[in-house]
Amino acid sequence: MTLAYDATGDGPALVLLHSAVCDRRMWDPQWPALVDGGYRVVRCDFRGFGQTPLPDRRHNDAEDVLDLLDALGIEQAALIASSYGGHVAVEIAARRPDRVSAMALLCAGLPGHEPTDELRAFGEREDALLEAGDIAGAVKLNVDTWLGPDAEEAVREEVRGMQRHAFEVQLAAPEGAGRTKVEIDLSAIKAPCLALSGGRDLADFRQIAARLPGLLADTRHLELPWAGHLPSLERPAAVTNLLTGFLREMVPAG
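Read on for a plain summary of the structure. Starting afresh in each chain, residues are numbered from 1 along the sequence in its written order. Since the coordinates come from a predicted model, pLDDT governs what is reported: local features require at least 70, and pairs of side-chain atoms require 80 or more to be given and counted, while whole-chain, interface and lining totals use all residues. With hydrogens and water stripped out, all remaining heavy atoms of the structure feed into the side-chain values.

**A short note on the layout of surface pockets**
Then step 1. The rule is simple: put a 1 Å grid over the protein atoms alone, call a set of points where a 1.4 Å probe fits but cannot get out a cavity, call an open set with protein on both sides within 12 Å along at least five of seven lines a pocket, and count a residue as lining if it has an atom within 4 Å of a point. Grid points are joined across faces, edges and corners, and a volume is the space filled by probe spheres set on the points. Each pocket or cavity is described by its volume, and for the largest pocket that value is around 1,500 Å³.
Then step 2. What lines the largest pocket is a set of 46 residues, and nearest its centre among them are Ala20, Tyr84, His87, Arg179 and Lys181.
Then step 3. Note on conventions: DSSP H or I runs of at least 4 residues are helices, E runs of at least 2 residues are strands, and numbering of each starts at the N terminus. The set of elements that each furnish at least two residues to the lining of the largest pocket consists of helix H2 (61-71), helix H3 (84-95), helix H4 (117-131), helix H5 (135-146), helix H6 (153-171), strand E7 (178-179) and helix H7 (203-215).
Then step 4. Examining the composition of the lining of the largest pocket, we find that 7 residues originate from one element, H4, more than from any other.

**As for the pattern of salt bridges**
Then step 1. One speaks of a salt bridge when a side-chain nitrogen belonging to Lys or Arg is within 4 Å of a carboxyl oxygen belonging to Asp or Glu. For the coordinates displayed, the defined rule picks out 19 salt bridges.
Then step 2. The shortest N-O distance in the salt bridge between Asp117 and Arg120 comes to 3.2 Å. Within this pair, Asp117 and its partner Arg120 are both found in helix H4, separated by 3 residues, close to a single helical turn.
Then step 3. Categorising residues by exposure relies on relative accessible area from a 1.4 Å probe, with only protein chains included: less than 20% of the type maximum marks a residue as buried, more than 50% marks it as exposed, and the intermediate range marks it as partly exposed. A relative accessible area of 63% means that Asp117 is categorised as exposed.
Then step 4. By relative accessible area, which is 31% here, Arg120 ends up partly exposed.
Then step 5. Where Glu153 meets Arg160, a salt bridge forms, and the shortest distance between an N and an O atom there is 2.8 Å.
Then step 6. The network of salt bridges with common partners includes Asp6, Arg24, Asp28, Arg43 and Asp45.

**A short note on the environment of Leu212**
Then step 1. Among the structural elements, Leu212 can be located in helix H7.
Then step 2. Residue class for Leu212 comes out buried when judged on its relative accessible area of 2%.
Then step 3. Spatially, the C-alpha atoms of Leu212 and Ala89 are 13 Å apart, while their sequence positions differ by 123 residues.
Then step 4. Residues count as neighbours in contact if any of their non-hydrogen atoms are within 4.5 Å of one another. Setting aside its immediate chain neighbours within four residues, Leu212 contacts Leu105, Leu110, Ala195 and Thr219.

Shown next, in the form of C-alpha cells:
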C-alpha cells in the first residue's frame, strides 16, 4: 500500500484529505462522529506527510488517493478535504467524476489559482526560513498564519508537531521527488459541494470558496466569520455538525 491510512466503519464511503500544514491526524475530532453516523471512513497521509514517505520519483496525490480507493474496493466516495487536500479533491472529482458522490471543501486550494501577493510573500518567507535551517521559525510562521484565534493551545501544539514532522520528511526528500501537475476541466465535476471559508483566513482561500458556486455545477458557499484556515481544528464541534448535516442531505447513511 502506497499511502498510510486508517479505515473503519460501514456504510457509504467518506475519504478525509488533510491540509499541507497537517497530516491525517487533523481529523481526530471528526473521526468518531463520522463513523458513528453510519459511514465507512478513510483517512490517509499524502506522500511526505505523517507516516507516508516520499518516493525517489515524481508523484500525483490525486492518483495516489484513487489507487487507495481501488485497493480498498471503494467505487465511489464523498470527499471531505482541508486546504491542499481540497486541491486534491477537486482534481479527483474533475478527472474521475464517477468516483465522487459529494465534496465538502474547507478553505480549499484550487488547481490553477494565481496566488495573491500576500500568499506569495508567505511562501517566500517560509522558503527563506527553511533554506536558513530555521525549521522552528518556519513551523511558527505556519502556526501563526493558518490557525485562527479560536484554536486552543493544545491544538496549536498538535499542528506544530505535524508541521515539523512534514518539514523534516520533505527536507530529507530523495533526489527526483516532487509532485506532478495535471491539467483538469472543472466543468467535468458533477458532485454536490459545500465550500466553507474562514472570515479570518488569507484572502486567497476566501476568494476561491466564493468563486466555487460559479465554477462547479452544484455548489453552495458558507463563510464562517470566526474561522482562520483550519476551522475543523479551531471549532471542531461546529464544523462536525456542518459536515454531518451536509452528508445526511447528500449521502445519507442507512
